Amino acid sequence: MCDKKNYEQAIEELSLMLMYLTREQDNNEFCRYRELSWKGYDFGTLDRLSGEELIFQPRGSRGYEKYLYLTEQGREKAQALLAEYGLCDKTLNERFLLRNILPEEAEQAAQIEQICFPPNEACSKPKIVERVAAAPELFLVAVDQETGKLAGFLNGIATDEYAFRDEFFTDAGLHNPDGKNVMLLGLDVLPEYRGQGLAREIMFRYLRRESEKGRKMVFLTCLKSKVKMYTKMGYQNRGISQSVWGGEQWYDMQYVLNH
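Below or above, wherever it landed, is the structure these notes cover. (Residues numbered from 1 in each chain as written. Predicted model: local features only at pLDDT ≥ 70, side-chain atom pairs only at ≥ 80, totals over all residues. Heavy atoms only, no water.)

### With respect to helix α8 (residues 198-212)
Here α8 is 15 residues long and its end C-alpha atoms lie 21 Å apart, about the 21 Å a rise of 1.5 Å per residue gives. α8 sits mainly inside the fold: 12 of its 15 residues count as buried. By the burial criterion, the buried members of α8 are Leu198, Glu201, Ile202, Met203, Phe204, Arg205, Tyr206, Leu207, Arg208, Arg209, Glu210 and Ser211. Of the residues flanking the end of α8, it is Gly214, one or two places downstream, whose phi is positive at about 90 degrees. (Helix = DSSP H or I, 4+ residues; strand = E, 2+ residues; numbered from the N terminus. Expected span 1.5 Å × (residues − 1). Buried < 20%, exposed > 50% of the residue type's maximum accessible area, 1.4 Å probe, protein only.)

Given below as structure tokens:
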């Protein structure tokens, strides 16, 4: 029995992989988390990939644009296909697996929180464990595929509120799974993994994921020394925050995902 894929399947899979491998960062200052691929593929293949929700083709006043976006589902399938075909991915994506947190990784995440933040800023172990139980879908972890351990993570809770308050850190019960906004509560990357672009990759993957869920805005607070870093990621500085977490002065940052 022949187990080869048919012509149509082969074209679809090879096209998806090529879209993924040739993707570029969108220069749009409002959507820096997006990665686009330029079109040059069979129209029927594009229609099938769109129908499977593996790609999104933006439309303008004159019809479809000349570029497309891979959905999160499309990215994941492309990565799986690269592994199946034995092809190379970008180094960062080969080294790390980004996914939702698992229940058994709650304590590991709590330990990383204590390493990444000083005692007055870090959330306690019980609060991290409680947050993992209440909002696992609002975590995104980076797993070192060689060790199987977490290298870092980003986490938050969803809400319909538009102002950051310190209670979000301590009360996981404020999480509303259907909330239109996300309050980010910590971007943690272990010291030995810093300087490799991992924090940026985690953040942009998180923004893409939440945008596809239809979230409207993402909020976070940061120290003055980190304002420039988040501005480069596309966040807007809204000035000094009302937050007094850890006895520090914080700045409110916001990112608009969907109008």
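### Topic: the sheet that holds strand β8 (residues 139-144)
What holds strands together in a sheet is hydrogen bonding between their backbones, with the strands either parallel or antiparallel. Sheet architecture is open: seven strands sit in the order β7-β8-β9-β10-β11-β13-β12, paired in mixed fashion. What marks the edges here is a single partner per strand, and that holds for β7 (96-99) and β12 (236-240). Strand-to-strand twist of the sheet, defined as the mean angle between neighbouring strand axes without regard to direction, takes the value 25 degrees. By the bridge criterion, eight bridges tie strand β9 (residues 150-159) to strand β10 (residues 181-189) in an arrangement that is antiparallel. Bridge pairing in β10 links Gly152 to Val189. Lying over the sheet, α8 contacts β7, β8, β9, β10, β11 (217-222) and β13 (251-256), oriented at roughly 160 degrees with respect to β10. (Pairing = 2+ DSSP bridges. Axes fitted to C-alpha atoms, helices over the stretch in contact; angles between N-to-C directions. Contact = heavy atoms within 4.5 Å.)

### What about a nonpolar patch on the surface?
Residues Leu14, Tyr85 and Leu87 make up a contiguous nonpolar surface patch of about 270 Å² in total accessible area. Inspection of the secondary structure puts Tyr85 in helix α3 (residues 72-85). Looking at Tyr85, the relative accessible area reads 35%, which means it is partly exposed. (Patch = residues over 30% accessible without salt bridge, like charges linked within 9 Å, V, L, I, M, F, W, Y side chains within 5 Å. Areas by Shrake-Rupley, 256 points an atom, 1.4 Å probe, with all protein chains shown as cover. Salt bridge = Lys/Arg side-chain N within 4 Å of Asp/Glu carboxyl O.)

### Topic: the sheet that holds strand β6 (residues 67-70)
Taken in spatial order, the four strands make up an open sheet running β1-β2-β6-β3, and their pairing is antiparallel. The open sheet terminates on both sides in strands that have one partner only, identified here as β1 (24-25) and β3 (55-56). Strand direction decides the pairing type here: β1 and strand β2 (residues 35-38), joined by two bridges, are antiparallel. By the bridge assignment, Gln25 is partnered in β2 with Glu35. Contacting β2, β3 and β6, helix α1 (residues 7-21) crosses the sheet at an angle of about 95 degrees to β6.

### Here's the deal with the nonpolar core
In this structure, Leu184, Ile202, Met203, Leu207, Tyr230 and Tyr235 are the most contacted members of the largest nonpolar core, which totals 57 residues. Ignoring sequence-local partners within four residues, the contact set of Tyr235 consists of Leu184, Met203, Leu207, Val218, Leu220, Tyr230, Met253, Gln254 and Tyr255. Counting residues in each nonpolar core, the second largest holds 14 residues, with Met17, Leu46, Leu54 and Ala78 among its members. (Core = buried A, V, L, I, M, F, W, Y, C linked by side-chain atoms within 4.5 Å.)

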